[in-house]
Amino acid sequence: MGIIIKPVVTEKMTALGDKLQRYGFIVQKDSNKLQIKKAVEEIYGVEVTEVNTMNYAGKNKSRFTKTGMVKGRASSYKKAIVTLAEGETIDFYSNI
């Protein structure tokens, strides 16, 4: 599996993409900024100027069911915000 797991397609990230040419990706936890930059440039054929990364810790989750309370934990992940060069865009919906 590659460095990039999946793109983050939300309302907020779409607005950032339209205004500032910034796009979000869920990436492997052990990847660094140089590896992320290289992977995005290879996959999408764009020029990356900046990469910001964030590590998210998994949250405790619980819910009530017929059999009682079910407890669990959401997975932790790493998110990367990639800024593209002026005039570059990524179209996530092109191959639908």
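Refer to the structure presented above.
Keep in mind the model is a prediction, meaning the values are calculated, not measured. (Residues numbered from 1 in each chain as written. Predicted model: local features only at pLDDT ≥ 70, side-chain atom pairs only at ≥ 80, totals over all residues. Heavy atoms only, no water.)

A short note on the overall build of the protein
And then number 1: Assigned secondary structure in the protein consists of 2 helices and 6 strands.
And then number 2: Helices and strands appear in the protein in the N-to-C order β-α-β-α-β-β-β-β.
And then number 3: Relative to the compact-globule value of 12 Å for 96 residues, the protein shows a C-alpha radius of gyration of 16 Å, a clear excess of over 25%.
And then number 4: Taken along its principal axes, the extent of the C-alpha atoms in the protein is 55 × 25 × 25 Å.
And then number 5: A fraction of 58% describes how many contacts in the protein between residues 6 or more apart in sequence connect residues 24 or more apart.
And then number 6: With the model as given, the accessible surface of the protein reaches about 7000 Å², and the carbon-plus-sulfur share is 50%.
And then number 7: Of the side-chain charges in the protein, 16 are positive and 10 negative, and the distance between the mean point of each set is 18 Å. (Helix = DSSP H or I, 4+ residues; strand = E, 2+ residues; numbered from the N terminus. Rg over C-alpha atoms; globule rule 2.2 N^0.38 Å. Contact = heavy atoms within 4.5 Å. Areas by Shrake-Rupley, 256 points an atom, 1.4 Å probe, with all protein chains shown as cover. Lys, Arg positive; Asp, Glu negative; His and termini not counted. Charge placed at Lys NZ, Arg CZ, Asp CG, Glu CD.)

Observations concerning the sheet that holds strand β2 (residues 22-27)
And then number 1: The 4 strands are arranged β1-β2-β6-β3 in an open sheet whose pairing can be described as antiparallel. Since the sheet does not close on itself, it has two edges, and those belong to β1 (4-8) and β3 (48-56), each with one partner. In this sheet, neighbouring strand axes are inclined to one another by 30° on average, regardless of whether the strands run parallel or antiparallel.
And then number 2: Direction of pairing for β3 relative to strand β6 (residues 77-84): antiparallel, over a ladder of 8 bridges. Looking at β6, one finds that Glu50 is bridged to Thr83.
And then number 3: Strands in contact with helix α1 (residues 11-20) are β1, β2 and β6; relative to β2, the strand with the most contacts, it is inclined by about 135°.
And then number 4: Against the sheet, helix α2 (residues 33-44) contacts β1, β2, β3 and β6, and its axis sits at roughly 120° relative to β3. (Pairing = 2+ DSSP bridges. Axes fitted to C-alpha atoms, helices over the stretch in contact; angles between N-to-C directions.)

A short note on the packing of aromatic side chains
And then number 1: Inspection of every chain in the model, using the stated rule, returns 5 aromatic pairs.
And then number 2: The interplanar angle of 85° and the centroid separation of 5.9 Å between the aromatic rings of Tyr23 and Phe92 together place this pair among those described as edge-to-face. Of the two residues, Tyr23 sits in strand β2 while Phe92 sits in the segment after β6, which places them 69 residues apart along the sequence. Exposure class is identical for Tyr23 and Phe92. Each is buried.
And then number 3: Judged by centre distance (4.9 Å) and plane angle (20°), the rings of Tyr56 and Tyr77 are stacked. Note that Tyr56 is positioned in strand β3 and Tyr77 in strand β6, a separation of 21 residues in sequence.
And then number 4: For Tyr56, a relative accessible area of 32% corresponds to the partly exposed category.
And then number 5: Taken together, Tyr23, Phe25, Tyr44 and Phe92 form an aromatic cluster joined through their ring pairs. (Phe/Tyr/Trp six-rings, centres within 6.5 Å; stacked < 30°, edge-to-face > 60°. Buried < 20%, exposed > 50% of the residue type's maximum accessible area, 1.4 Å probe, protein only.)

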